Amino acid sequence: MTESLTNSDAEVRHYDDRLTNEDLAPLREQRWGSYNFFAFWMSDVHSVGGYVTAGSLFALGLAAWQVLVALLIGITIVYWLCNLVARPSQATGTPYPVISRVAFGVLGANIPAIIRGLIAVAWYGIQTYLASASLVVVALKLWPGLAPYAEVDEYGFVGLSLLGWAAFLAMWVAQAAVFWNGMEAIRKFIDFCGPAVYVVMFLLAGYLVLQAGWGAIDLNLVEVSITGWAAVPVMLTAIALVVSYFSGPMLNYGDFARYGRTFAAVKRGNFLGLPINFLAFALLVVITTAATMPVFGELITDPVETVARLDNTYAVVLGALTFMIATVGINIVANFVSPAFDFSNVAPQRISWRAGGMIAAVGSVLITPWNLYSSPDVIHYTLDTLGAFIGPLYGVLIADYYLVKRRDVVVDDLYTLRPDGTYHYRGGYNPAAIAATAVGATVAMLVVLLGSSDAAAFSWFIGAGLAFAVHMAVSRRAPQAAGRS
């Protein structure tokens, strides 16, 4: 099976204005190496959201080693799935919404682009809120007199305190400034973010272990209540939640893989950044969280709250600022870049890459994201819902590229509205891909709304698997356009 691409830079192209702009066109230079992708995943993993999510899994009633096994299996699945979605974008130099035209049609690709863009808006708001919580901690430590303004009941609006609003808007502006400087600035930022938070996490874990004494630390964060075969379904739920947590950046990973010098470089970066890095991160999370019990007398799963309990002002400020920077890193790479490309894809000549990102930024305020990540139950429900929509898009993309088109892509035809274009289908839309997405998303969402919480955790897998199967079945009955070289 070979890649077959038609993308001759020497020829004068006649790309349709409705389908292209400078940001959506195929890259002429691909410069990212393995470290850049390793740093991407470090920024994605090393966030307050990642810490809280990992910590919540250790509180399922399983033994610590069982949770670690589940986390490692889950992240290995993410690694494998990311490699699959990375290949078409790296090979063609195109972002996620453009490579989606292969399956959905040159106009139909707006459907997955808008869905992914709206989901990114939700995540962007959530991560901005989590980062702003670190800023609130710093503000209260430096200026204790601000405490009344941190009370929602006294000075609050739509569920967030006045100080919380100030911190949220400050983070909103800071992230927009980094994004506005372009992908090269973003690359340099994420190259710094991931390693920086590791330094602080090691220092925090070391400090707490010294305070508690290793013998006082129990790596089982709660009393082990699930043993034997009863642990298997709970471990499977933990695996599913890991995949759901990463399902957003995994779907549009092509937005970054397109910059890879080679596919081998992308895979090496993914391996270092996912299975290896995530296992180390999970161990740090459980050691740090476990040490909070003997040191502070209670289990604390939020790293910002843990840092806030320290009795050294400088340590609190350094720790909180580092977690804030790390969360900004994941937010920019996972939830700013994606909608920038996705919304630009809808109207390339009217919406630039920067304009698409700013649309997402404005939307992230309107959804009041602090209400979407307020408790473990709400966190899991949010992940399940997002997974129900992201899964089908992934399933269709992979089924179409690898099995229907057999990795045969005509790059120039991704940018033409000519009726004889390879990806014109029916008026620019591929009914098979759209139908498969609708079926997968509907069934997965019904499971989330009507099924048990255990079943809902598998919404991504249900949506992806069903959409994959439906797309394959419909495509075989009504053969779709195949790439030609």
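Remember, it's a predicted structure, so these values are computed and weren't measured experimentally.

Draft legend 1. Quick look at the packing of aromatic side chains. Scanning the model with the defined rule gives 23 aromatic pairs in all. Centre to centre, the rings of Trp41 and Phe246 are 6.3 Å apart; their planes meet at 70°, and the pair counts as edge-to-face. In this pair, Trp41 is assigned in helix 1 (residues 34–45) and Phe246 in helix 9 (residues 231–251), connecting sequence segments 205 residues apart. Here Tyr245 and Phe246 contribute two aromatic rings whose centre-to-centre distance is 5.0 Å and whose plane-to-plane angle is 85°, an arrangement assigned as edge-to-face. One exposure class covers both Tyr245 and Phe246, and it is buried.

Draft legend 2. Inspection of the packing of helix 1 against helix 13 (residues 313–346) at higher detail. Their axes nearest at 7 Å, the elements helix 1 and helix 13 cross at an angle of 115°. Here helix 1 and helix 13 pass one another in a crossing that is left-handed. Seen from helix 1, the contacting residues are Phe40, Ser43 and Asp44; seen from helix 13, they are Ala326, Gly329, Ile330, Val333 and Ala334. The class makeup of the residues in the contact of helix 1 with helix 13 is 5 nonpolar, 2 polar and 1 charged.

Draft legend 3. The arrangement of the pattern of salt bridges in detail. For the structure on display, the rule yields 6 salt bridges. Among the ionic pairs, Arg31 bridges to Glu29, the shortest N-O distance being 2.8 Å. Across the pair Arg418 and Asp420 runs a salt bridge, and its minimum N-O distance is 2.9 Å.

Draft legend 4. Structural view of the environment of Ser344. Tracing the backbone through its elements, the reader meets Ser344 in helix 13. Judged by relative accessible area, which is 1%, Ser344 ranks as buried. Taking C-alpha positions, Ser344 is 48 Å from Asp311, a pair spaced 33 residues apart along the chain. A polar contact is formed between the side chain of Ser344 and the side chain of Asn21, at a distance of 2.9 Å. At 2.8 Å, the side chain of Ser344 and the backbone oxygen of Ile351 are in polar contact.

Draft legend 5. Up close: a nonpolar patch on the surface. On the surface, Tyr381, Leu446, Leu449 and Leu450 cluster together into a nonpolar patch covering about 440 Å² of accessible area. Tallying contributions element by element places helix 16 (residues 431–450) first for the nonpolar patch, with 3 residues.

Draft legend 6. A look at helix 3 (residues 64–92). The end-to-end C-alpha distance of helix 3 is 43 Å, a good match for the 42 Å that 29 residues give at a rise of 1.5 Å each. Its axis deflected by about 35° at Ala86, helix 3 carries its strongest bend there, up to four residues before the proline Pro88. Just past helix 3, the residue Gly93 takes up positive phi, approximately 70°.

Calculation rules
- Residues numbered from 1 in each chain as written.
- Predicted model: local features only at pLDDT ≥ 70, side-chain atom pairs only at ≥ 80, totals over all residues.
- Heavy atoms only, no water.
- Phe/Tyr/Trp six-rings, centres within 6.5 Å; stacked < 30°, edge-to-face > 60°.
- Helix = DSSP H or I, 4+ residues; strand = E, 2+ residues; numbered from the N terminus.
- Buried < 20%, exposed > 50% of the residue type's maximum accessible area, 1.4 Å probe, protein only.
- Axes fitted to C-alpha atoms, helices over the stretch in contact; angles between N-to-C directions.
- Left-handed = near helix turned anticlockwise from the far one by under 90°.
- Contact = heavy atoms within 4.5 Å.
- Nonpolar A, V, L, I, M, F, W, Y, C, P; charged D, E, K, R; others polar.
- Salt bridge = Lys/Arg side-chain N within 4 Å of Asp/Glu carboxyl O.
- Polar contact = N/O pair within 3.5 Å; in protein donor to acceptor, adjacent residues only side chain to side chain.
- Patch = residues over 30% accessible without salt bridge, like charges linked within 9 Å, V, L, I, M, F, W, Y side chains within 5 Å.
- Areas by Shrake-Rupley, 256 points an atom, 1.4 Å probe, with all protein chains shown as cover.
- Expected span 1.5 Å × (residues − 1).
- Bend = angle between axes of the 7 residues up to and from the residue.

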